[in-house]
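Breakdown of the fold
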Amino acid sequence: MSDAVAAESIQLAVLDSVLYGAAKAFDYLGIRGQVMLDKVGEGILEYCIKKGFVKRFDDPIQFAFGIVAFFKDNGYVADVEFSQDGEIITLTMRDWGYLPLLSKLRNQDCFLLSCPLCLANNSFRRANSVGWKAINERVTADGDYTIQFRVVSPSAASNVPREPYNMSTVKVESNRRKRIGLPAFEATEYGLAWAFDYLGAQAQLLLDNVGSGAIEFLQSELHMQLPKNHRKSLQELSSFYTQGGLADRIDLNLSDSKLEVAFTNYRYAPVLERLLDEGYRLTSCPFTLTARAVLRDAGYAATDMQWMVLDNRRAEMKMGLRITGQEFDEDKIGRIMDRV
Amino acid sequence: MSSDAYTSVAESLEDLERPVLLALIDPIRYQDAVVGLLRYFTANVPQGIYVSLNKPFAVLTKAFSKAGIQTSNLFFVDGITNVPAIEENPDHSCLGSGVDLSNLCIGISKAVNRNADEKFIVLDSLSTLLIYNDPRAVAKFAHLLTEKMRRWNTSGSLLTVEMNAERDVVSQLAPFCDKVVKI
């Protein structure tokens, strides 16, 4: 058992929106996109260990079981059966929270895997110079997912067998009503912000793509109608993420030059606090990522995002807004440069 | 890994005098690629200007020194550190975070005009500019900068992280540069 049996939960759809967005955001890199996603797994482990959710063991098998137990305790998977016969490993996931997303992504020919449990294990194996190469997979009528791997070098690792299972035939129950323990949500969200910090400020572009993917998920999977008016769209997002349990209240104050957001009982606050304490500039709050996507589509760029964590899981965010279509006058600036 | 980046840059620029390069960088290898690129330019040009829109000057100097790059011949134009007003220092200037394209151009010109020595310019990166500006404006900025680089007789590189098609500016920028190198 892990030490993080969830006392508080959040709707899985809140997390699913960013997991879907993350897979779509790195799809353009092909299989290299999985290497980027596996970095999220490193961040998940980092958070779990720092928070004491998963104990660090010298024995890799014991540690890997600890990661599985953490996600089990948080309701992400009901059970994971593991067996090994020489170089062949067989895993069966029962009531796996990622199956609907896996199916949705595969049906769009996106073969990247953004399941947080898998990402954490991928990164752990990579750190131990071990790789698993998928050789076959299947989904039973009960919705159990079984996959077989061969133990290989990390560079030959793959999550997708040569002949992937036909996911279009899989009937999976939507995650709409499912919930996940807060520690698993926090760890995944931390991993998402932590993973790309090495790229500096430009990593925001990648996270912005995650936000666009999350919007696509909300529209296609949850049939969210986002009006053309960005103010109304932000209200829709606020309402969805509040109902999902991201915060009890998300209050917005929007003008043409800034957006101010006040979060009450904000379940992302522990992640935010840790990221800010550790000096990270990137954040991965699902509401904020999707809000940035809506604003970008409306022709605005967020120029400077400032966060303040208050007491009792309250937080405030302010971002400056600039209209992106503003012209850059090459001739005029060129003349100024000549005079400097 | 940074030696791979060094080799691919060196091979690509072999026959070019004062090359202006567009470096398209694999996000997985970003740090190594930047170090390899900088190693190439510092080995071939006496002075350099590093325009950072990604990481603060203080973080970069430490990282580059650790990677064995001589930073004493580098002047940093920092467009990421938050400062109340533009700051000029002997080894760096701070333009403030989220600097607009016009002020960035002026900041680079000032850095070039600090002395008459031969220099290179590295802009890190065009991708960051795409967070705050539309691709057309970024393309115009890059066009202007490469034109000035030729007039100033500076070599250098504009960096961009490999992006999806929606944010891809490479096709627009490639004609302004001597070479596009994928690192």
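One can find the structure itself at the top, above this paragraph.
Read on for an overview of the structure. Owing to the predicted nature of the structure, the values given are computational and were not obtained by experimental measurement.

1. Things to note about the sheet that holds strand β7 (residues 249-254) of chain A
Residues and elements named next belong to chain A. One open sheet holds the four strands; their spatial order is β7-β8-β10-β9, and the pairing between them is antiparallel. The sheet is open, and its two edges are formed by β7 and β9 (300-309), each paired on a single side. Across this sheet, the average inter-strand angle for adjacent strands is 15°, counted without regard to direction. In this sheet, strand β10 (residues 315-323) lies alongside strand β8 (residues 258-264) in antiparallel orientation, the contact comprising six bridges. Its bridge partner lying in β10, A262 is registered against E316. Those strands touched by helix α9 (residues 269-277) are β9 and β10, and its axis lies near 95° from that of β9.

2. A word on the interface of chain A and chain B
Between chain A and chain B, the contact holds 36 residues from the first and 42 residues from the second. Summing the contributions of chain A and of chain B, the shared interface buries around 3,500 Å²; its carbon and sulfur component is 57%. Applying the counting criterion to the chain A and chain B interface returns four salt bridges. Here D338(A) ties to R151(B) by a salt bridge, and the two come within 3.5 Å at their closest N and O atoms. Summed over the shared surface of chain A and chain B, the number is 14 residue pairs in polar contact (both at pLDDT 80 or more). At six residues, the largest contribution of residues to the side of chain A that touches chain B is made by helix α11 (residues 330-339) of chain A. In the side of chain A that touches chain B, the residues fall into 16 nonpolar, nine polar and eleven charged.

Procedures and definitions
Residues numbered from 1 in each chain as written. Chains lettered and ligands numbered in written order. Predicted model: local features only at pLDDT ≥ 70, side-chain atom pairs only at ≥ 80, totals over all residues. Heavy atoms only, no water. Pairing = 2+ DSSP bridges. Helix = DSSP H or I, 4+ residues; strand = E, 2+ residues; numbered from the N terminus. Axes fitted to C-alpha atoms, helices over the stretch in contact; angles between N-to-C directions. Contact = heavy atoms within 4.5 Å. Buried area = accessible area lost by both parts, 1.4 Å probe. Salt bridge = Lys/Arg side-chain N within 4 Å of Asp/Glu carboxyl O. Polar contact = N/O pair within 3.5 Å; in protein donor to acceptor, adjacent residues only side chain to side chain. Nonpolar A, V, L, I, M, F, W, Y, C, P; charged D, E, K, R; others polar.

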